[in-house]
Amino acid sequence: MKFFVDTADTQDIKALAKAGLIDGVTTNPTLIKKSGRDFRDVILEICALIDGPVSAEVTSLAADGMIKEGRTLAKLAPNVTVKLPLTVDGLAACRELSSSGIQTNVTLCFSANQALLAAKAGATFISPFVGRLDDIHIDGMSLIEDIRTIYDNYNLQTEILVASIRSPNHIKESALVGADVATAPPKVIWSLSEHPLTKSGLDTFMKDWAETGQAAV
Ligand code: E4P
């Protein structure tokens, strides 16, 4: 399973890329607002930091506007993935952009039928939001299982990009049900390597090593 980081903070992206922990980046208008920076500048900088897909979201609501924005965004860098909302217009724009070879990510997916429509529109990625479903007491991860089954039933190639991840458990469950990608905030990705027994075990090894009086080879 690939890991994308869900942020527009280039310092966080730089650090995670240096550690080799990420394969791509997702952004959205809220994350761009949080960065306090110009949309194009941030996307250009992120695309230069990482070779993998970088999702940049359109803000038009009508298909024509989305297609125009999508073509402009795709020209910024070869790894731009155009992010489109799961609406009838978003699906029409997805069909048009995908058929001209532009990578697409259909976002704000909350049902299996929506995911089926996105795949039929040729989406490169579908982004089901597990955390926001959990927030309203609907099991987000069972949606991922349903989409996996449906896509496998029809050999649909759209990649399942689990979004709105809130915890390391969401990542583990995504991998268990066979998601293709998980996008998560930086702190969740950093926390994946942590375990209290790793820490206490290493502390003991370092203490015992120091007591041998030997130097590192
Ligand atoms: C995904 O592409 C979205 O940007 C993101 O995962 C939304 O997460 P949130 O529900 O925590 O805002």
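What you see is a predicted model, and the numbers here were worked out from it, not measured in a lab.

Procedures and definitions
Residues numbered from 1 in each chain as written. Predicted model: local features only at pLDDT ≥ 70, side-chain atom pairs only at ≥ 80, totals over all residues. Heavy atoms only, no water. Near = heavy atom within 4 Å. Polar contact = N/O pair within 3.5 Å; in protein donor to acceptor, adjacent residues only side chain to side chain. Areas by Shrake-Rupley, 256 points an atom, 1.4 Å probe, with all protein chains shown as cover. Nonpolar A, V, L, I, M, F, W, Y, C, P; charged D, E, K, R; others polar. Phe/Tyr/Trp six-rings, centres within 6.5 Å; stacked < 30°, edge-to-face > 60°. Helix = DSSP H or I, 4+ residues; strand = E, 2+ residues; numbered from the N terminus. Buried < 20%, exposed > 50% of the residue type's maximum accessible area, 1.4 Å probe, protein only. Core = buried A, V, L, I, M, F, W, Y, C linked by side-chain atoms within 4.5 Å. Contact = heavy atoms within 4.5 Å. Patch = residues over 30% accessible without salt bridge, like charges linked within 9 Å, V, L, I, M, F, W, Y side chains within 5 Å. Salt bridge = Lys/Arg side-chain N within 4 Å of Asp/Glu carboxyl O. Disulfide = S-S within 2.5 Å.

The environment of the ligand is formed by D6, T26, N28, K83, F129, R132, A163, S164 and R166. Residue D6 places a side-chain N or O atom 2.8 Å away from an oxygen atom belonging to the ligand. For the ligand, whose accessible area on its own is 350 Å², the fraction buried by protein is 85%. Its residues assigned to classes, the shell around the ligand shows two nonpolar, three polar and four charged.

Another aspect to go through is the packing of aromatic side chains. Using the criterion set out here, one finds two aromatic pairs in the structure. Ring plane angle 75° and centroid distance 5.7 Å describe the contact between F4 and F125, whose orientation is recorded as edge-to-face. Taken together, the residues F4 in strand β1 (residues 2-6) and F125 in strand β6 (residues 125-128) connect sequence positions 121 residues apart. Note on F4: relative accessible area 1%, which makes it buried. On the basis of relative accessibility, which here comes to 3%, the residue F125 falls in the buried class.

A few words now on the nonpolar core. Ranked by size, the top nonpolar core spans 55 residues in total, and within it V80, V82, L84, I126, I144, I160 and I165 carry the most contacts. Among the elements that make up this core, the one with the highest residue count is helix α8 (residues 140-153) (five residues). What I160 contacts, discounting residues up to four positions off in sequence, is I126, P128, I144, I147, R148, Y151, A179, D180 and V181.

This part covers a nonpolar patch on the surface. Together, L202, F205, M206 and W209 give the surface a local cluster of nonpolar side chains, amounting to about 450 Å² of exposed area. As for its placement among the helices and strands, W209 is situated in helix α11 (residues 196-212). For W209, a relative accessible area of 38% gives the class partly exposed.

In this section: the state of the cysteines. Enumeration according to the criterion identifies zero disulfides in this entry. In this structure C47 is a free cysteine whose sulfur lies 19 Å from that of C94, the closest cysteine sulfur available. Judged by relative accessible area, C47 falls into the buried class, the value being 9%. There is no disulfide at C109, and the cysteine sulfur nearest it, in C94, is 12 Å away.

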